[in-house]
Amino acid sequence: MIEVEGVKIDTRHWIGGERVPSVRKFPDISPIDEAHLGDIDAGGAAEADRAVAAARATFPEWAGKTAAERGAILRRVADGIDERREDLARVETRDNGSLLRSHRRGVMPRVAMNFRFFADYAETLAHPDLEVRGHRERITYDPAGVTAIITPWNAPLMLATWRIGPALAAGNTVVLKPPEWAPLTASLLADIAHEAGLPAGVFNVVQGTGAEAGAPLTRHPGISRLSFTGSVPTAGVIAAAAAPNIVPLSFELGGKSPLLVFADCDLDLAVDLAVEQFDNAGQVCLGACRLLVQEGIAEEFTARVVERARALVQGDPRDEKTDVGALVSRQHFERVSGFVERALTGGAKALLGGGPNTGLGGLYYSPTILAGAEPGSEILTEEVFGPVLTIQTFKDEDQGVRMANDTRFGLAATLVTGDPERAERVSARLNAGTVWVNCFFVRDLGAPFGGSGKSGIGREGGTYSFDFYCDVKNTVFSPDGWRSHG
Ligand code: NAD
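Residues numbered from 1 in each chain as written. Predicted model: local features only at pLDDT ≥ 70, side-chain atom pairs only at ≥ 80, totals over all residues. Heavy atoms only, no water.

With respect to the pairing of strand β18 (residues 388-394)
Basically, it comes down to this: Categorising residues by exposure relies on relative accessible area from a 1.4 Å probe, with only protein chains included: less than 20% of the type maximum marks a residue as buried, more than 50% marks it as exposed, and the intermediate range marks it as partly exposed. A helix here means a DSSP run of H or I that spans at least four residues, while a strand means a run of E at least two residues long, and both kinds are numbered starting from the N terminus. The pairing criterion for strands is at least two bridges between them, as found by DSSP.
Burial of β18 is extensive: five of the seven residues sit out of reach of the surface. Note: strand β17 (residues 368-371) against β18, four bridges, orientation parallel. Bridge pairing links Thr368 to Val388 in β18.

This is how it looks when you write it as structure tokens:
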């Protein structure tokens, strides 16, 4: 048991409705001040096996409940999240360094919604019968089995629950492997789910590193679905591990998304959207880190973005006034620093920032805007995942679209224009799972979310989640043959 921000957290694994310890531990370090928050139980193959066995044992009971029965419990989980919103917000902020004000106002309410929305959705899930040559075809959504869910550190509870919600609502049981750089809120979720009456074994948490606790889960023959959110290289390793068992995968991976700013746009809006990209210190998968601006307004746009970004308040993410916090870990800090140093050596100019925030020290990296990067260089092509934006200019619509699409990723793209016809033309040509027109980060949970190219496999959200977390079955009834012998 450790205490973080006044909240007691049992960081042992949660398996089959019991807390399970491991002999080995791993340290949990806070990005805010690199304080050691505690030692977390480090799971491995034995814990993964035990969790899958518990989830398999409970599966028939959970799958056998009606959607309404499951929904009633999941809504109580949502209520429990609402009741503990402040605890969850404070612990998440301490653990991964993201802004407390964002957790209080946006993230934690959404965490609860991940349970309510999918509980409601499962109850209405129905496909109209089809008819062929007088035969009736009934399409049903059956629970698939044990779902393994592996998540990253940048929005740990939000990203986990938006998979756990539909997986459980569909009647699956779940084994979650939280990120080792931000493991704490998963442990609190186990308490909340238990108190809400979720039967033992329906939701399990195995803590540990990717290589030790994650890998055995991904190659486990007892899992029926694997939902992974994280980086492209890890996804490749996981796909290979899951392949022998032919386990369906949902991959939500990285991005290098563009913000395409046309000269006919509302410039105030374009500047707002550009500065918004420093949210969560740029550690956002769908962040539009490539600013592409049309010549003609490039100078004014750039000057205004730099001025606004310079005014961002960087500091302790627990302070309501803070706009930009710290990077998640020393390792990640070095990685981000390396990208910027190499870009500067390669000829890019820092219009803002360009290095660590020396005033604050620690893991605080200054909001950085780079111009003049060499086309094709890594700063323009690789995911930095930090508070680092690049600016490039384009001449006309064709060139803008080409530059926006010049990436192996395809998670999101944002365009800003005052011309509705241009918006239609350009949005149709952008290769991305989500295209935002004159807005950013708005999405109903019923809409599909996922990436094209190297940004992922599959879509989640609404019916797309249930297509993945269920075995969709077609039963064909003949109009004849109802007479029995004799
Ligand atoms: P990561 O790939 O290093 O780790 C993600 C998770 O995978 C962690 O829990 C880790 O322990 C686990 N893992 C690592 N190796 C493993 C293995 N061999 N087997 C099983 N599990 C393993 O990613 P990260 O650094 O934690 O997160 C940042 C990445 O996540 C970025 O690329 C970001 O774009 C991406 N991301 C994507 C989305 C999305 O929805 N598309 C959302 C958030 C983050």
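A word on helix α6 (residues 184-195)
Operational definition: For a helix, the expected span equals 1.5 Å multiplied by the residue count minus one.
The end-to-end C-alpha distance of α6, which contains twelve residues, comes to 17 Å, matching closely the 16 Å that a straight helix rising 1.5 Å per residue would cover. Of all the twelve residues making up α6, ten are buried; the element is thus mostly covered by neighbouring parts of the structure. Residues Leu184, Thr185, Ala186, Ser187, Leu188, Leu189, Ala190, Asp191, Ile192 and Ala193 constitute the buried set of α6. Looking one or two places after α6, you find Gly197, whose phi comes out positive at around 95°.

A word on the packing of aromatic side chains
Selection rule: Any two of the Phe, Tyr and Trp rings considered here, Trp counted by its six-membered ring, make a pair once their centres fall within 6.5 Å; the pair's planes then place it as stacked at under 30 degrees, edge-to-face at over 60, or tilted in between. Cation placement over rings: the criterion is NZ of Lys or CZ of Arg within 6 Å of the ring centroid and within 35° of the ring normal.
Inspection of every chain in the model, using the stated rule, returns 13 aromatic pairs. Over the face of the ring belonging to Phe468 we find Arg225, whose NZ or CZ atom lies 5.9 Å from the ring centre. The ring of Phe333 has Arg330 lying over it, and the distance from NZ or CZ to the ring centre is 5.2 Å.

As for the sheet that holds β18
Note the following rule: Only the stretch in contact is used when fitting a helix axis, every axis being a line fitted to C-alpha atoms; angles between N-to-C directions are given from 0 to 180 degrees. By definition in these notes, contact holds between two residues if any of their heavy atoms fall within 4.5 Å.
Strands sit in the order β16-β17-β18-β15-β14-β19-β20 across an open sheet of seven strands; the sheet is mixed. Whereas interior strands pair on both sides, the edge strands pair on one side only; in this sheet they are β16 (349-352) and β20 (434-437). Each strand axis lies, on average, 25° off the axis of its neighbour in the sheet, ignoring direction. Note that strand β15 (residues 290-294) and β18 share five bridges and pair parallel. Considered in β18, the bridge of Val293 is made with Thr393. Contacts from helix α10 (residues 298-310) reach β14 (258-261), β15, β16, β17 and β18 within the one sheet, and its direction differs from that of β16 by about 60°. The strands touched by helix α11 (residues 330-345) are β16, β17 and β18; relative to β17, the strand with the most contacts, the crossing angle is about 30°.

Side note on the layout of surface pockets
We count it as follows: Here a cavity is any set of points on a 1 Å grid over the protein atoms alone where a 1.4 Å probe fits but cannot get out, and a pocket is any open set with protein on both sides within 12 Å along at least 5 of 7 lines; a residue lines the site when it has an atom within 4 Å of a point. Grid points are joined across faces, edges and corners, and a volume is the space filled by probe spheres set on the points. The start and end points of each domain follow an automatic or database-based domain assignment.
As a volume, the largest pocket reaches approximately 1000 Å³. Taken together, 37 residues make up the lining of the largest pocket; nearest its centre are Trp153, Phe228, Gly230, Ser231 and Thr234. For the lining of the largest pocket, the secondary structure elements donating two or more residues are α7 (210-218), β12 (225-229), α8 (232-242) and α11. Here the lining of the largest pocket gets six residues from one element, more than from any other, and that element is α8. Here the lining of the largest pocket spans two domains, and each of domain 1 (2-253 + 455-474) and domain 2 (258-437) adds at least three residues to it. In this model, the second largest pocket occupies a volume close to 770 Å³. What lines the second largest pocket is a set of 33 residues, among which Val107, Ala155, Met158, Val284 and Phe441 lie closest to the centre. Broken down by secondary-structure element, the contributors of at least two residues to the lining of the second largest pocket are α4 (100-124) and α5 (156-169).

Things to note about the domain arrangement of the protein
Rules: Put simply, buried area is the surface a 1.4 Å probe can reach on two separate parts but cannot reach once they are joined, added for both. We define a salt bridge as a side-chain nitrogen of Lys or Arg found within 4 Å of a carboxyl oxygen belonging to Asp or Glu. Side-chain atoms alone can form a polar contact between residues adjacent in sequence; in general such a contact is a pair of N or O atoms within 3.5 Å, and within protein one must be able to donate a hydrogen while the other accepts it. Side-chain classes follow a simple rule in which Ala, Val, Leu, Ile, Met, Phe, Trp, Tyr, Cys and Pro form the nonpolar group, Asp, Glu, Lys and Arg form the charged group, and the remainder, Gly included, forms the polar group.
For the protein, the assigned domains are domain 1 (2-253 + 455-474) and domain 2 (258-437). Relative placement of domain 1 and domain 2: their C-alpha centres are 31 Å apart. Tallying the contact residues gives 21 residues for domain 1 and 28 residues for domain 2. In total, about 2200 Å² of surface goes out of reach between domain 1 and domain 2, with carbon and sulfur atoms giving 53% of it. Where domain 1 meets domain 2, there are five salt bridges. Between Glu320 and Arg104 there is a salt bridge, with the nearest N and O atoms lying 2.8 Å from each other. Taken together, the links from domain 1 to domain 2 amount to 13 residue pairs in polar contact (both at pLDDT 80 or more). Looking at the side of domain 1 that touches domain 2, the element that brings in the most residues is α4, giving four residues. Here the side of domain 1 that touches domain 2 is composed, by residue class, of eight nonpolar, six polar and seven charged.

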